[in-house]
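Understanding the architecture of this molecule
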There are 2 protein chains.
Amino acid sequence: MLNVNVELKERFYPIHIGEGLLSNPNVYPLKAGDKIMVVTNPTVAKYYLTNLIATLQQIGCIVEQVLLPDGEKYKTIESLNLIFTALLKANYGRDATIIALGGGVIGDVAGFAASTYQRGIRFIQIPTTLLAQVDSSVGGKTAVNHELGKNMIGAFYQPCAVIIDTQTLKTLPKREVNAGLAEVIKYGAILDYSFFEWLEKHIDLLVALDQKHLQQCIAHCCKIKADVVARDETEKNERALLNLGHTFGHAIETHLGYGNWLHGEAVAAGSMMAAVLSKILGDLDDNDVARLEKLLARANLPTYSPDGMQPEDYLPYMMRDKKVLSGQLRLILLKSLGQAYIATETELPLVLEAIRCCTQTD
Amino acid sequence: MLNVNVELKERFYPIHIGEGLLSNPNVYPLKAGDKIMVVTNPTVAKYYLTNLIATLQQIGCIVEQVLLPDGEKYKTIESLNLIFTALLKANYGRDATIIALGGGVIGDVAGFAASTYQRGIRFIQIPTTLLAQVDSSVGGKTAVNHELGKNMIGAFYQPCAVIIDTQTLKTLPKREVNAGLAEVIKYGAILDYSFFEWLEKHIDLLVALDQKHLQQCIAHCCKIKADVVARDETEKNERALLNLGHTFGHAIETHLGYGNWLHGEAVAAGSMMAAVLSKILGDLDDNDVARLEKLLARANLPTYSPDGMQPEDYLPYMMRDKKVLSGQLRLILLKSLGQAYIATETELPLVLEAIRCCTQTD
Ligand SMILES: NC(=O)c1ccc[n+]([C@@H]2O[C@H](COP(=O)([O-])OP(=O)(O)OC[C@H]3O[C@@H](n4cnc5c(N)ncnc54)[C@H](O)[C@@H]3O)[C@@H](O)[C@H]2O)c1
Ligand SMILES: NC(=O)c1ccc[n+]([C@@H]2O[C@H](COP(=O)([O-])OP(=O)(O)OC[C@H]3O[C@@H](n4cnc5c(N)ncnc54)[C@H](O)[C@@H]3O)[C@@H](O)[C@H]2O)c1
Ligand SMILES: [Zn+2]
Ligand SMILES: [Zn+2]
């Protein structure tokens, strides 16, 4: 088992990474009599809910569960309300604990519910997708979507533990594994050139779910993210770097309607756009861009804008990005592979040109 | 103008109290170009919105507005969503500011929206009911109701300023003024015996809205609450004292359906129940209980359980109270007039007896 700590100003919490942790009562910060509400969905429940409940009962917890419909399009205020109703029907008070069992959607909704139920109850993350394991379960961002924009409603709220059972990835559809690799590659590109090189060597093993390399890789990504979050919990500054490709990516997701392209796929194409824009600005060279493109392609990820989406289509969504300040777009761009920065005065024609370079013409 | 500061761990914010502050640009922590979303309702808008917008425009702010339907029964997730939609339609980002113009309902919903829109934007309170001026606008509790419980969903989120224009009370229905006085009397009862005596002398002037005494009284209440909040922002302990009468009161409000009894009215009856229970426990004497009853009655407030509501009807609601820990009811009771404490092991039969003493039999 690997362990990474996330150090916050007032406390820290552990991330445990290993095979079979779902069944290991020792990694849960819980005791007999604790009231637990497991939040999951039918897809994940089918594989892992029985197992989790058995472990919790072994500890002596009182366990209730609520299943949300599966999918990004249910990452809504309505799903949030299903959780509140379940908590209230169970007569759960401020001493209850929510456990999120699932991917980033479940983690984000359940975390937001935990932060707002009776103004805040305890929360444990058990991420079961690669994306959630390397990214969304760490760092305390929680959110739901609004029909006018993704992740527009939410809170910063930290779990008291993250439990990553890497065995769960075996049932995850390949396309979802690859989408998670987009965020993995992102870490290399923005902050860690030697990790980027490590990925160039081992990406095929990761695609094939080799457990040893997977665990190393997940722990490394969690460590990178935990360090960034420790330095900048509420995204005043450096934490924004984690959003490489995301401003473009969110535009893609919103334009296509949630759930058509996976988040990681949109981030992959968006990262290419950021890289090409960095090249236009003279910071990356052709070879850097080609290396990123190749790495993404080896993980079977898209490196182009979706068919039929025009460069101009991106702008309205991009201008609604949370990083926009005083009407100024703020993009995450690359000085070099392994070094990102926040660009504040990028001219829109250049942004459009970068998107155009990543648009396939027939 | 009177001023009270609320000192938090990381920052402080001012409460300004005076006549005509709505029109005084100097009390607003805003500058030209700031994007403002005013949240109010049609009742309050009719009297004060034009005036507020004129002041904001004089400062040079960009102003949008959203009107929620009036009433406690609209203190819901749906109203919250109306605010989010308005913010997104206006393309407002993280640098926007929400101003709550109205009573406690508007303040609580708008504050919760501010805390969760893009994970938190700036927020100014302009309370226009007495209850909001002495209580709900100070201290950073925000919430919406759920059909299974009042204030069940919310956040701790502090405004950057509270602006109290005492002139606004002139248009407030008398019944609402009196409801506000229930919270005023509460402060005397829980923490400040000499203020309780001051109220016994001046309650008639307050009922008559004498501006000088009103301002003194509001500033004093804000000061009491601000000090408690400074010592215990997230209600780990002492802050719970402010809930005298509220566990009983919430049961009344929920049982009758929101909006039949006013919050302050329910708190008045609930405070009597707490006082009678304190007498049963041997802490108050008959004279103390009679003084509290008389003071509440002079403010035209109910001191009895609503017609037809039985003592047993209270329990299911009371057990769902946010102060319940590990299934144990925690009630705010009085050691003496001016000194409250958190009672943790009160036996249910005694609780029922206290409610029965406050139940009118025909
Ligand atoms: N909070 C953050 O910091 C953060 C960071 C990145 C992404 N996110 C959010 O995360 C979400 C995307 O997360 P995701 O990619 O995990 O998507 P997801 O939660 O929708 O999961 C993808 C699919 O895999 C299924 N699934 C999950 N685990 C499985 C398993 N072990 N076996 C079989 N099927 C399984 C799910 O039911 C779902 O159908 C987005 O909403 C995004 O906004 C949040
Ligand atoms: N956040 C907290 O700490 C806290 C504390 C106490 C109460 N509360 C909440 O506050 C709410 C009650 O607040 P309230 O008593 O202000 O009720 P309210 O907001 O419903 O206002 C009462 C009525 O007066 C109207 N009104 C407001 N100002 C007016 C004015 N100046 N002139 C004419 N009409 C006016 C309103 O439109 C409404 O119809 C409850 O929801 C309660 O839970 C919150
Ligand atoms: Zn992402
Ligand atoms: Zn109250």
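Given the structure is predicted, the values throughout are model-derived calculations rather than measurements. (Residues numbered from 1 in each chain as written. Chains lettered and ligands numbered in written order. Predicted model: local features only at pLDDT ≥ 70, side-chain atom pairs only at ≥ 80, totals over all residues. Heavy atoms only, no water.)

**Here's the deal with the coordination of the zinc ion (ligand 3)**
- At this site the zinc ion (ligand 3) is bound by Glu-183 of chain A (OE), His-246 of chain A (NE2) and His-263 of chain A (NE2), with donor distances of 2.0 to 2.1 Å.
- On the accessibility criterion, Glu-183 of chain A (0% relative accessible area) is buried. (Donors = N, O, S within 2.8 Å, 3.2 Å for Na, K, Ca; no water. Buried < 20%, exposed > 50% of the residue type's maximum accessible area, 1.4 Å probe, protein only.)

**Observations regarding the confidence of the model for chain A**
- Per-residue pLDDT for chain A has a mean of 94; in total, 99% of the residues score no lower than 70.
- In the model output, the complex is listed with pTM 0.90 alongside ipTM 0.86. (pLDDT = per-residue confidence, 0-100.)

**Some points on the pairing of strand 3 (residues 35–40) of chain B**
Residues and elements named next belong to chain B.
- Of all six residues making up strand 3, six are buried, and the element is well covered by its neighbours.
- Judged from the six bridges that link them, strand 3 and strand 4 (residues 62–67) form a sheet pairing that is parallel. Pairing of Ile-36 across the sheet is with Val-63, part of strand 4.
- Taken together, strand 3, helix 1 (residues 42–59) and strand 4 form a β-α-β motif whose crossover is right-handed.
- In this sheet, strand 5 (residues 97–102) lies alongside strand 3 in parallel orientation, the contact comprising four bridges. In the strand pairing of strand 5, Val-38 is matched with Ile-99. (Helix = DSSP H or I, 4+ residues; strand = E, 2+ residues; numbered from the N terminus. Pairing = 2+ DSSP bridges. Right-handed = clockwise from strand over helix to strand, strands pointing away.)

**A few points about the site of ligand 1**
Residues and elements named next belong to chain A.
- In the neighbourhood of ligand 1, 27 residues make up the surrounding shell, with Glu-72, Gly-104, Thr-128, Thr-129 and Thr-171 lying closest.
- Side-chain polar atom of Asn-41 to an oxygen atom of ligand 1: 3.0 Å apart, as the coordinates give it.
- Side-chain polar atom of Lys-75 to an oxygen atom of ligand 1: 2.7 Å apart, as the coordinates give it.
- Here ligand 1 loses 90% of its free accessible area of 870 Å² to cover by the protein chains.
- Where the shell around ligand 1 is concerned, the elements lending two or more residues are helix 1 (42–59), helix 3 (104–116), helix 4 (130–136) and strand 8 (149–156). (Near = heavy atom within 4 Å. Polar contact = N/O pair within 3.5 Å; in protein donor to acceptor, adjacent residues only side chain to side chain. Areas by Shrake-Rupley, 256 points an atom, 1.4 Å probe, with all protein chains shown as cover.)

**What to know about the coordination of the zinc ion (ligand 4)**
All names here are of chain B.
- In the first shell of the zinc ion (ligand 4), the protein supplies Glu-183 (OE), His-246 (NE2) and His-263 (NE2), at 2.0 to 2.1 Å from the metal.
- Counting the intervening residues between successive donors of the zinc ion (ligand 4) yields the motif E-x62-H-x16-H. Pair noted here: Glu-183 is in helix 5 (residues 174–191) and His-263 is in helix 9 (residues 263–280), with a separation of 80 residues, a long-range link. There is no split in this pair, since Glu-183 and His-263 are both buried.

**Some remarks on the relation of the copies chain B and chain A**
- For the match of chain B to chain A, the screw axis carries a shift of 0.0 Å, the RMSD comes to 0.0 Å, and the turn is 180 degrees. Considering both components of the superposition, the chain copies are consistent with a two-fold axis. No C-alpha of chain B lies nearer the rotation axis than that of Ile-77 of chain B, which sits 4.0 Å from it.
- When you check the interface residues of chain B against chain A, 100% turn up at the interface there too, and the contact is symmetric in its surfaces. (Least-squares fit on C-alpha atoms with pLDDT ≥ 70 in both. Contact = heavy atoms within 4.5 Å.)

**Describing the packing of helix 9 (residues 263–280) of chain A against helix 10 (residues 286–298) of chain A**
Residues and elements named next belong to chain A.
- One can describe the packing of helix 9 onto helix 10 by two numbers: an axis separation of 9 Å at closest approach and a directional angle of 175 degrees. Regarding the angle of helix 9 to helix 10, the classification is roughly antiparallel. Of helix 10, the residues touching helix 9 (which contributes Ala-268, Ser-271, Met-272, Ala-275, Val-276 and Lys-279) are Asp-286, Val-289, Leu-292, Glu-293 and Leu-296.
- Residues belonging to the contact of helix 9 with helix 10 are distributed by class as follows: seven nonpolar, one polar and three charged. (Axes fitted to C-alpha atoms, helices over the stretch in contact; angles between N-to-C directions. Parallel < 35°, antiparallel > 145°, perpendicular 65-115°, else oblique. Nonpolar A, V, L, I, M, F, W, Y, C, P; charged D, E, K, R; others polar.)

**A look at empty space enclosed by the protein**
- Under the definition given, this model contains three cavities of 30 Å³ or more.
- The computed volume of the largest cavity comes to approximately 70 Å³.
- Put simply, the parts of the chain that give the lining of the largest cavity at least two residues each are helix 2 (77–89) and helix 3 of chain A together with helix 2 (77–89) and helix 3 (104–116) of chain B.
- The class makeup of the residues in the lining of the largest cavity is 10 nonpolar, two polar and no charged. (1 Å grid on protein atoms, 1.4 Å probe; cavity = no way out; pocket = protein on both sides within 12 Å on 5 of 7 lines; lining within 4 Å. Points joined across faces, edges and corners; volume = space filled by probe spheres on them.)

**A short note on the sheet that holds strand 9 (residues 161–165) of chain B**
Residue and element names in this part refer to chain B.
- What the seven strands build is an open sheet, ordered 1-2-9-6-5-3-4; its pairing is mixed. Where the open sheet ends on each side, the last strands, each with one partner, are strand 1 (2–7) and strand 4. Averaged over all adjacent pairs, the angle separating strand axes in this sheet is 20 degrees, with direction ignored.
- Across the sheet, helix 7 (residues 211–231) is in contact with strand 1, strand 2 (12–18) and strand 9; its angle to strand 1 comes to roughly 10 degrees.

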